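Here's the letter readout for the chains.
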Amino acid sequence: MGRWELAALAIAGLVLLPVVSLALVAAQGSEGLWGHLARNVLPVAVRDTAILLTGVGLMVAAIGVTTAWLVSACDFPGRRIFEWALLLPLAVPTYIIAYAYLDLLHPIGPVQTTLRAWLGIASPRDLRLPDIRSMGGCILLLGLVLYPYVYLPVRAVFLMQSGDPLAAARTLGRGPLASFVAVALPLARPAIAAGTALALMEAMNDIGAAEFLGVRTLTVSVYTTWISRSDLPGAAQIALAMLAVVVALVAVERTARRRQRFAVGGRRHPLVPVRLRGWAAAGAVAACSVPVALGFLAPASYLVYEAAERIRFAGVSPRLIGEAINTALFAGMATLVVVVLAVAVTGAARLRPSRLTASASRVASLGYAIPGTVLAIGILPVVTLADRQIAAAAQTFFGASVGLLMLGSGAALVYAYAARFLAIGTGGIEAGLAPVSPSLDHAARTLGRSEAGTLRDVHLPITRPAITAAGLIVFIDCAKELPATLLLRPLNFETLATHLYGEAARGTYEDAAIAALIIVAIGILPVTLLAPLRGRKRPSG
Amino acid sequence: MHASKLAILVGTLAGAGAVMPVAAQELNLYTTREPGLIQPLLDSFTASSGVKVNTIFLKEGLAERVQQEGTASLADVLMTVDIGNLVDLTDRGLTQPVESAVLSEAIPANLRDEAGNWFALSQRARVLYAEKDLDLSEFHYEDLADPAWKGKVCIRSGQHPYNVALTAAYIVHHGEDAARTWLTGVKDNLARKAGGGDRDVARDIMGGICDIGIANSYYVGLMRSGAGGPEQEEWAKAIKVILPTFEDGGTQVNVSGAAVAKNAPNREQAVQLLEYLVSDAAQKEYAEANFEYPVRASAGVDPIIAELGTLSTDEVNLTEIARQRKAASELAEEVGFDN
């Protein structure tokens, strides 16, 4: 076994440890749980989870692929702005968009108040509109902030794609739409699958928006079993059962895709954007602006307004600056760790293809399929065990007492973020590597490059857009992360998300608007740094 | 394993920023109660005792974290916002008995553990918010299931600790079967899905979505005093508050409370903090800043809360309510309360 295999195994082990510790908890047993679940919980929870995931899946795939295609293959007014603006909803956490819309669309909120004024209706009791607190509302809001998980990798693939196959399709008489469906879509399929899977896992494990909007998913059942009944073994059992289903679904998709090869090699002529005019251009502008307006502009303007009100009422807490630094610092460190680990594990699978390295890269993605708090609970014993070993070693070798080093220093947080979000890194990089022909690898090896050299000189430059994109999502996700941060942070340590949660726990959501706004701002920053991704030179056509 | 090297590097970096409490005159508080609410109390404790208080606010997993930290745990005081979680900490053996004349004098016997494992620090009542013009002056919790209220009731999730405790109290009063019938009836009366927070009840009444709802007493103070901002003051104007009772009992009251951790490195300071929190000054602060009912009767309540009427606390023992927690949570799932 070489260095690559060892590295891949070690990385998989880091993610597997918390899962194993959860399995140990689950094995303690929970009497009568499954009878109760089967009778009273599962029928509704499974149905609602299925409806939610189907709805969100369709929505993110439709919005993500359409907009990615429009900005990469077509030219229309505002395209350059939309290219990055379409990413903005990523910066809005699900619990924030849920809260914002609940406020905006509430009977006494601005939308309905204005509507009643127009219609001349005095009391909200005389005009009852559908409530956003419903399954439909939940699908809509989650879809609006999660579609960038699809948009980003799919667009990266479209940008990396050669225009040749598409040109061939056109030459062979296919129309623009038909050649998109026949050529571009299949080529982007790994990216679409990876992006949609991320969005669905995020939707499935969401607890904030679901709580606000009154939707009961399986994850809510996990929480209830644990929190309301102190039955952690039972909660771990449900979480692991869900994990098994997710793993099975992902395996099915992979098997379905196995027979296809997506590699594109040789000289690449970039996609030449088709200039849209008239109604087609107007349609493209509309298709791109609606997700940005609803997923970002509306909730963000609401936050700006609320934050301004709040600053006038109560001023700004000076603690926010330190919390913003903590947030950016820890998200940054975790992103660095994730990118390095993801490159190593996907690189191993690519350069040393074997069942071992392939499984390692699958296992490395498990963390994202477990609800955040549950994963954090699985990490807790791992970290404290490590801490006890470190403490014992420090005592032996230095005679010093270091306490709980990982928990006390925040290293536990970086580990938790990495274990949870590694899937985003591996998924993104894999999807980016898929269209790169193995013949390029062979050429590099023939020219005397080592494996590491091939990775550095061939794969990294080609997949840079995909890596940057994945790193961006990881950073934003870490900045938004709440449950693991709450559980595993040191004393006296706050991030913006924990501050926000604290305010929400007090019921002073308005105070939270400022923290929420800074989270969104921190999320936007890297979006604007994506210049290399958007500024690719195109031949004028 | 370059990951572990990185972790150590990261740890060292972060260690510079995070506080690693080692000095003797410090005390570590693990709390599910948002520290902002009690920060003024902690500050005055530090001012009078010279003991610095480090806090970590945990939502879920307080017990799990303390358990895993084991003998190396830094936790001195554990604080929760409901009786169920407080008793749970004791049941798991994470607390230690404290004998303190100050505590047993200040806190009535029914609001603390017999063995001294936990102590209630403040009380909050589960009250009725009603549309202000509604012709209604008294209310029983049992009435929530009355079909007359069909489509008119708002309430948060049946799994929230506050509602779990209410259902548990119902079980203690009337038995599990009656509680099931009641909860089904309440579910049928809901105007919207169970969910959101307690203040949403007031907002939804103002928005015409419902006429009545169950929520905690102190939110009335937070909204009416303007502490929650001008918007919430408006919400509070749309409602009136009734102190409901059980037909054969009083108003259901939950507690926030604290315990000294089993492996507390600063036990002495921990007891000192608890004793401070039940002092007259601190109990006044609970009442005035947080609009809670103090456990020390002599501290009195805030005028806004006094206006709600005289509280006649339900006699049911808190420990009994905590014991019915699991049954209450399962009932909520059985009747599909949150579906």
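Residues numbered from 1 in each chain as written. Chains lettered and ligands numbered in written order. Predicted model: local features only at pLDDT ≥ 70, side-chain atom pairs only at ≥ 80, totals over all residues. Heavy atoms only, no water.

## Describing the overall build of chain A
Of the regular secondary structure elements, chain A holds 25 helices and two strands. Computed over C-alpha atoms, the radius of gyration of chain A comes to 24 Å, within 12% of the 24 Å expected from 2.2 N^0.38 for 541 residues, which places it in the range of a compact globule. The C-alpha extent of chain A, read off along each of the three principal axes, is 80 × 60 × 50 Å. A total of 541 residues make up chain A; the buried ones form 58% of that total. Contacts spanning at least 24 positions in sequence make up 82% of the contacts within chain A whose residues lie at least 6 apart. Accessible surface, chain A: about 21,100 Å² in total, of which carbon and sulfur atoms supply 68%. Taking the average place of the 44 positive charges on the side chains of chain A and the average place of its 28 negative ones, the gap between the two points comes to 11 Å. (Helix = DSSP H or I, 4+ residues; strand = E, 2+ residues; numbered from the N terminus. Rg over C-alpha atoms; globule rule 2.2 N^0.38 Å. Buried < 20%, exposed > 50% of the residue type's maximum accessible area, 1.4 Å probe, protein only. Contact = heavy atoms within 4.5 Å. Areas by Shrake-Rupley, 256 points an atom, 1.4 Å probe, with all protein chains shown as cover. Lys, Arg positive; Asp, Glu negative; His and termini not counted. Charge placed at Lys NZ, Arg CZ, Asp CG, Glu CD.)

## Points about the UniProt feature "binding site: Fe cation" (unreviewed entry) in chain B
Residue and element names in this part refer to chain B. UniProt records the feature "binding site: Fe cation" (unreviewed entry) at Tyr218 and Tyr219, using the numbering of this structure. Note on placement: Tyr218 falls in helix H9 (residues 217-224). Sequence-distant contacts of Tyr218, that is, excluding residues within four places in its chain, are made with Arg124, Tyr162, Asn290, Phe291 and Glu292. Within polar-contact distance, the side chain of Tyr218 engages the side chain of Tyr162 at 3.0 Å. (UniProt positions renumbered as here; feature names shortened; annotations may be inferred. Polar contact = N/O pair within 3.5 Å; in protein donor to acceptor, adjacent residues only side chain to side chain.)

## Observations concerning the packing of aromatic side chains
In this structure the tally under the stated criterion is 13 aromatic pairs over all chains. Ring geometry for Phe76 of chain A and Phe82 of chain A: centres 6.3 Å apart, planes at 35°, overall tilted. Taken individually, Phe76 of chain A and Phe82 of chain A each receive the classification buried, so the pair is uniform in this respect. With a centroid separation of 6.0 Å and an interplanar angle of 65°, the aromatic rings of Tyr170 of chain B and Phe246 of chain B are classed as edge-to-face. One end of the pair, Tyr170 of chain B, is in helix H6 (residues 161-174); the other, Phe246 of chain B, is in the loop between strand E8 (239-242) and strand E9 (253-261), with 76 residues separating them in the sequence. As far as burial versus exposure is concerned, Tyr170 of chain B and Phe246 of chain B are alike and both buried. (Phe/Tyr/Trp six-rings, centres within 6.5 Å; stacked < 30°, edge-to-face > 60°.)

## Quick look at the environment of Ile377 of chain A
Mapping Ile377 of chain A onto the fold places it in helix H17 (residues 372-398). Remark: the alpha-carbon pair of Ile377 of chain A and Trp69 of chain A, spanning 308 residues in sequence, is separated by 40 Å. Once residues lying within four places of it in the same chain are set aside, the contact partners of Ile377 of chain A are Leu22, Trp226, Leu232 and Leu487 of chain A together with Gly61 and Glu64 of chain B.

## Observations regarding the domain arrangement of chain B
Residue and element names in this part refer to chain B. Entries for chain B in the domain assignment read domain 1 (2-122 + 255-299) and domain 2 (124-252 + 311-334). One C-alpha centre belongs to domain 1, the other to domain 2, and the line joining them spans 28 Å. With 20 residues of domain 1 at the contact, the number on the domain 2 side is 17 residues. Interface of domain 1 and domain 2: buried area, both sides summed, is about 1,500 Å²; carbon and sulfur atoms make up 64% of it. Taken as a group, Ile83, Phe291 and Tyr293 account for 39% of the area that domain 1 buries against domain 2, more than any other trio of residues on that side. Our count for the domain 1 to domain 2 interface comes out at two salt bridges. Residue Asp91 is joined to Arg323 by a salt bridge in which the shortest nitrogen-to-oxygen separation is 3.2 Å. Elements that contribute at least two residues to the side of domain 1 that touches domain 2 include exactly helix H4 (83-91), E9 and helix H12 (280-290). In terms of residue count, the dominant contributor to the side of domain 1 that touches domain 2 is H4 (six residues). (Domains from an automatic or database assignment. Buried area = accessible area lost by both parts, 1.4 Å probe. Salt bridge = Lys/Arg side-chain N within 4 Å of Asp/Glu carboxyl O.)

## Re the state of the cysteines
Residues and elements named next belong to chain B. Within the structure shown, the criterion is met by one disulfide over all chains. Between the sulfur atoms of Cys154 and its disulfide partner Cys210 the distance amounts to 2.1 Å. Between Cys154 and Cys210 the sulfur-sulfur dihedral comes to about -105°; the bridge is accordingly left-handed. With Cys154 in strand E6 (residues 153-154) and Cys210 in the loop between helix H8 (199-206) and strand E7 (212-216), this residue pair connects regions lying 56 residues apart in the sequence. Cys210 shares its class with Cys154; the two are buried. (Disulfide = S-S within 2.5 Å.)

## Here we look at the interface of chain B and chain A
Each side of the interface is counted separately: chain B has 73 residues, and chain A has 65 residues. In this assembly, chain B packs against chain A so that about 6,100 Å² is buried in total across both faces, 57% of it on carbon and sulfur atoms. For chain B, the biggest contributors to the area lost against chain A are Glu60, Arg203 and Glu333 of chain B; these three give 11% of the whole. The interface formed by chain B and chain A holds seven salt bridges in total. Here Arg133 of chain A makes a salt bridge to Asp204 of chain B, at a shortest N to O gap of 2.9 Å. Summed over the shared surface of chain B and chain A, the number is 24 residue pairs in polar contact (both at pLDDT 80 or more). Secondary structure elements with two or more residues in the side of chain B that touches chain A: helix H1 (2-17), strand E1 (26-31), helix H2 (35-49), strand E2 (52-57), helix H3 (62-69), H8, helix H10 (230-237) and helix H15 (325-334) of chain B. In terms of residue count, the dominant contributor to the side of chain B that touches chain A is H1 of chain B (nine residues). In terms of residue class, the side of chain B that touches chain A is made up of 30 nonpolar, 20 polar and 23 charged. (Nonpolar A, V, L, I, M, F, W, Y, C, P; charged D, E, K, R; others polar.)

## Quick notes on the nonpolar core
The biggest cluster of nonpolar side chains holds 263 residues, and the ones touching the most others in it are Phe76 and Leu488 of chain A. The two domains that each donate at least three residues to this core are domain 1 (2-122 + 255-299) and domain 2 (124-252 + 311-334) of chain B. Core analysis: the next-biggest nonpolar cluster, separate from the first, contains 29 residues, Cys210, Val220, Val241 and Tyr293 of chain B among them. (Core = buried A, V, L, I, M, F, W, Y, C linked by side-chain atoms within 4.5 Å.)

## Re the confidence of the model for chain A
A low pLDDT means the predicted coordinates there should not be read in detail. Residue and element names in this part refer to chain A. With 94% of its residues at a pLDDT of 70 or more, chain A shows a mean pLDDT of 85. Within chain A, helix H25 (residues 531-534) has the poorest average pLDDT of any element, 48, and helix H6 (residues 135-146) the best, 95. Note on residues 534-541: pLDDT is under 50 here. Beyond four places in sequence and across chains, it has 19 contacts. (pLDDT = per-residue confidence, 0-100.)

## Some points on unusual backbone geometry
One non-glycine residue, Asn492 of chain A, lies in the positive phi region at around 60°. Along the chain, Asn492 of chain A turns up in the loop between helix H22 (483-488) and helix H23 (496-506). Positive phi values are uncommon outside glycine, yet Phe291 of chain B reaches one of about 60°. Along the polypeptide, Phe291 of chain B turns up in the loop between H12 and strand E10 (293-294).

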